[in-house]
Amino acid sequence: MKQIQQQQVNDNDSNNDSNNDNDNVNNDNDNYYGLDQLIHDIDQQSMQKFNKKLRMAVQPRQQVIGNQVFELAFLYDADGAIIELVRYIKEVDLKDGQEMYSGWEPWDGKGFVGKS
């Protein structure tokens, strides 16, 4: 996995040298390396080394949190615990006078049902 991470860092460094505009990185499919590619590469290495496939809990998907866009995926580790993978994509550009509302309603502390 260290090799993949280092390769991704090196690829990002070369991308930043040639193109500093993060908005355009995802427009060039040759430069795109998202969680789906990372998971695919790690899955191939896992098959080669351990003869085991990764177990996905949730496939990679994009999610807006605040004014930022992230790519999220969830995997199971060998013991069944969930691992969350998060990749920052970009910040949403707001025009003058525009606001972004979270959509979250404040919780009043009531209605929680837990184990006794």
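This text follows the structure it describes.
Residues numbered from 1 in each chain as written. Predicted model: local features only at pLDDT ≥ 70, side-chain atom pairs only at ≥ 80, totals over all residues. Heavy atoms only, no water.

**A word on helix H2 (residues 35–50)**
Inference 1: Counted at 1.5 Å a residue, the expected span for H2 with its 16 residues is 22 Å, and the 21 Å between its end C-alpha atoms agrees.
Inference 2: Of all the residues in H2, the buried ones are Leu-35, Leu-38, Ile-39, Ile-42, Asp-43, Gln-45 and Ser-46. Viewed end-on, H2 has its buried residues packed into an arc of 165°, placing them on one side of the element.
Inference 3: With its phi angle positive at about 55°, Asn-51 sits one or two positions after the end of H2. (Helix = DSSP H or I, 4+ residues; strand = E, 2+ residues; numbered from the N terminus. Expected span 1.5 Å × (residues − 1). Buried < 20%, exposed > 50% of the residue type's maximum accessible area, 1.4 Å probe, protein only. Arc of directions from axis to C-beta.)

**Re the pattern of salt bridges**
Inference 1: Counted by the stated rule, this structure contains two salt bridges.
Inference 2: Put simply, Asp-43 and Lys-53 hold a salt bridge, and the shortest N to O gap is 2.9 Å. Placement of the pair is Asp-43 in helix H2 and Lys-53 in the loop between H2 and strand E1 (55–65), with a sequence separation of ten residues.
Inference 3: Under the relative-accessibility criterion, Asp-43 is labelled buried at 14%.
Inference 4: Looking at Lys-53, the relative accessible area reads 57%, which means it is exposed.
Inference 5: With a shortest N-O distance of 2.8 Å, Glu-71 and Arg-87 are connected by a salt bridge. Residue Glu-71 is located in strand E2 (residues 68–76), and its partner Arg-87 is located in strand E3 (residues 82–91); the two are separated by 16 residues in the primary sequence. (Salt bridge = Lys/Arg side-chain N within 4 Å of Asp/Glu carboxyl O.)

**Examining the nonpolar core**
Inference 1: The biggest cluster of nonpolar side chains holds eight residues, and these are Tyr-33, Leu-35, Leu-38, Ile-39, Ile-42, Ala-73, Leu-75 and Leu-85.
Inference 2: Within the residue set of this core, elements represented by two or more residues are H2 and E2.
Inference 3: At four residues, the largest contribution of residues to this core is made by H2.
Inference 4: Not counting chain neighbours up to four residues away, the residues in contact with Leu-85 comprise Leu-35, Ile-39, Glu-71, Leu-72, Ala-73 and Leu-75. (Core = buried A, V, L, I, M, F, W, Y, C linked by side-chain atoms within 4.5 Å. Contact = heavy atoms within 4.5 Å.)

**What about the pairing of E3?**
Inference 1: When E2 meets E3, the two strands line up antiparallel, connected through nine bridges. For Tyr-76, the partnering residue across the bridge sits in E3 and is Ile-82.
Inference 2: Remark: five residues form the turn of the hairpin made by E2 and E3, two consecutive strands paired antiparallel; Gly-80 in that turn has positive phi of roughly 95°. (Pairing = 2+ DSSP bridges.)

**A few points about the environment of Lys-52**
Inference 1: Relative to the assigned elements, Lys-52 resides in the loop between H2 and E1.
Inference 2: Not counting the four nearest positions on each side in its chain, Lys-52 is found in contact with Asp-43, Ser-46 and Met-47.

**Points about the sheet that holds E3**
Inference 1: Read across the sheet, three strands follow the order E1-E2-E3 without closing on themselves; strand pairing throughout is antiparallel. Pairing within the sheet leaves two strands with one partner each, and these edge strands are E1 and E3. The mean angle between the axes of side-by-side strands here comes to 15°, regardless of whether they run parallel or antiparallel.
Inference 2: As paired elements, E1 and E2 share eight bridges and run antiparallel to each other. Following the sheet pairing, Arg-61 is matched in E2 by Leu-72.
Inference 3: In this fold H2 packs onto E1, E2 and E3, with an angle of close to 25° to the strand it touches most, E2. (Axes fitted to C-alpha atoms, helices over the stretch in contact; angles between N-to-C directions.)

None of this, on its own, says anything about what the molecule does.
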